[in-house]
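Listed below, chain by chain, are the residues.
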Amino acid sequence: QGTRDHTPAQAALRDRLLSTVVSCFKRHGAAAIDTPVLELRETLLGKYGEESKLIYELQDQGGELLALRYDLTVPFARYLAMNKITNMKRYHVAKVYRRDNPATTRGRYREFYQCDFDIAGQFDPMIPDAECLKIVHEILSDLQLGDFVIKVNDRRILNGVFAVCGVPESEFIPACSTVDKLDKMPWEEVRSEMVGEKGLSPEAADRIGEYVQLHGGLDVIEQLLQDPKLSQNKVAKEGLGDMKLLFEYLSLFGITGKISFDLSLARGLDYYTGVIFEAVLLQQENEHVEEPVSVGSVAGGGRYDGLVGMFDPKGRKVPCVGVSIGIERIFSILEQRLEASGEKLRTTETQVLVATPQKHMLAARLKLISELWDAGIKAEMLYKKDPKLLKQLQYCEDTGIPLAAIVGEQELADRVVKLRDVATRKEVRV
């Protein structure tokens, strides 16, 4: 059904992945929050553009129309408005739900984890935005996923492009969601959708094409600032000015080598108002896997200054910028790598197995393991009265437990425990 069970090894891999991401969020001073899985349907509808059809709606439960959350951003905006919070840096790791056609090979599911980091509050331009991009850079570098690029654009620049190309304002959002498909299909197909389905004139579509195929760095920003038509558009000019500032901050962070200003990036969601970005892995080729895992974007986000105001009875706005890490897609890649390398992942964190070499020693094992647990040591024992020592040591090897604490009659008489290193078979008496 487009969801998945995780084996202990997969769950251990996911935990390792999540702890890397969360430790990065904490390093940047974010506090954790949690919001309910269920939201009022009206909270979610009308916030996601064409994607709204993927919301799981629940039947009327005694007068309330509810839905399962589609992402973690809209619930966060509702949370800020309800609690009258105007300033916050938060992270949230939780499951979201989409009534999508699952493509499990590409890491697309109906139920999956999202990891979000957001900065809410009135700050000077582009400082929080630059930090969000730095976070994406840190996480993708920490996870050692290979080469990646973070594409950056601005909704204001895109809207300016549409305006100077003769697109009516009511068509900006539909045109945006079509441009967003440029990473998946060639310009000819995008153009024919604009003209055929979105009703743009062929001339307008061609003019848009000249802009949205541009990408690069500061050079492209400078070129557009000199563009006779675009530089006359107030909104686009604002966006380009901010983009230039953003690149200044990113160069101070030392990450511009991985950043590409890309005019084809549109991100299909309605609520973005300024900077938008998306991180893409450049190569997933793997010598051992015939079918390279194609996962597309592994992180995305942007600025959404109008969303909190939609939930505030007085329309008070709280500017926000945030990023979502595509944990399921990254998980697919790491899982394939692990399979290819043949490496075994430890499924428990047990540090020591309490073992006995002779019969009738259960009491000694129970007393010792209780002491270890009380001291905060992760310990296990076999649930048998008189297990054979070989079987106990074999269990350590199978599960990757590094140490065995052995108590036999001799050890009890000498008041010691024999500590055995399972891998090297060296023993010390403690």
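Predicted, not measured: the structure shown is a model, and the values here were computed from it. (Residues numbered from 1 in each chain as written. Predicted model: local features only at pLDDT ≥ 70, side-chain atom pairs only at ≥ 80, totals over all residues. Heavy atoms only, no water.)

Asks: Whenever I open this one, the pairing of strand 10 (residues 297-303) confuses me. Can you help?
Replies: Consecutive side chains of a regular strand alternate in pointing toward one face of the sheet and then the other. Across the 7 residues that make up strand 10, a large majority, 7, are buried. As paired elements, strand 9 (residues 275-281) and strand 10 share 5 bridges and run antiparallel to each other. Its bridge partner lying in strand 10, Glu278 is registered against Gly300. Relative to strand 11 (residues 320-325), strand 10 is paired through 5 bridges, and the arrangement is antiparallel. Bridge pairing links Ala299 to Ile325 in strand 11. (Buried < 20%, exposed > 50% of the residue type's maximum accessible area, 1.4 Å probe, protein only. Helix = DSSP H or I, 4+ residues; strand = E, 2+ residues; numbered from the N terminus. Pairing = 2+ DSSP bridges.)

Asks: Sorry if this is basic, but what is going on with the UniProt feature "binding site: L-histidine" (unreviewed entry) in the protein chain here?
Replies: Residues given the UniProt feature "binding site: L-histidine" (unreviewed entry) here are Asp71, Leu72, Thr73, Arg98, Gln114, Asp118, Arg267, Tyr271 and Tyr272. By the element assignment, Arg98 lies in the loop between strand 4 (88-97) and strand 5 (111-120). Taking the relative accessible area as the measure of exposure, Arg98 reaches 17% and is therefore buried. When near neighbours in sequence (up to four residues on either side) are disregarded, Arg98 contacts Leu54, Tyr56, Tyr70, Asp71, Arg110, Phe112 and Gln114. Along the chain, Gln114 turns up in strand 5. With sequence-adjacent residues up to four places away left out, Gln114 is seen in contact with Asp71, Leu72, His92, Val93, Ala94, Val96, Arg98, Ser324 and Ile325. In terms of polar contacts, Gln114 uses its side chain to reach the backbone amide nitrogen of Leu72, at 3.5 Å. (UniProt positions renumbered as here; feature names shortened; annotations may be inferred. Contact = heavy atoms within 4.5 Å. Polar contact = N/O pair within 3.5 Å; in protein donor to acceptor, adjacent residues only side chain to side chain.)

Asks: Is there a simple way to think about helix 14 (residues 389-399) in this case?
Replies: An α-helix turns once per 3.6 residues; consequently, residues spaced three or four apart project the same way. Within helix 14, burial applies to Gln392, Leu393 and Cys396. The buried side chains of helix 14 occupy one side of the element, clustering within an arc of 95 degrees when seen end-on. Opposite the buried face of helix 14, by more than 90 degrees, sit the exposed residues Leu390 and Lys391. If you follow the buried residues of helix 14, they end up packed against strand 12 (352-355), helix 13 (362-374), strand 14 (403-406) and strand 15 (418-421). Where helix 14 terminates, the next one or two residues include Gly400, which has phi positive at roughly 80 degrees. (Arc of directions from axis to C-beta.)

Asks: Please clarify how the pairing of strand 9 should be interpreted in this entry.
Replies: For strand 9, a buried count of 7 out of 7 residues is recorded, marking the element as mostly surrounded by other parts of the structure. Burial along strand 9 is two-sided: Val275, Phe277, Ala279 and Leu281 facing one way and Ile276, Glu278 and Val280 facing the other are all buried.

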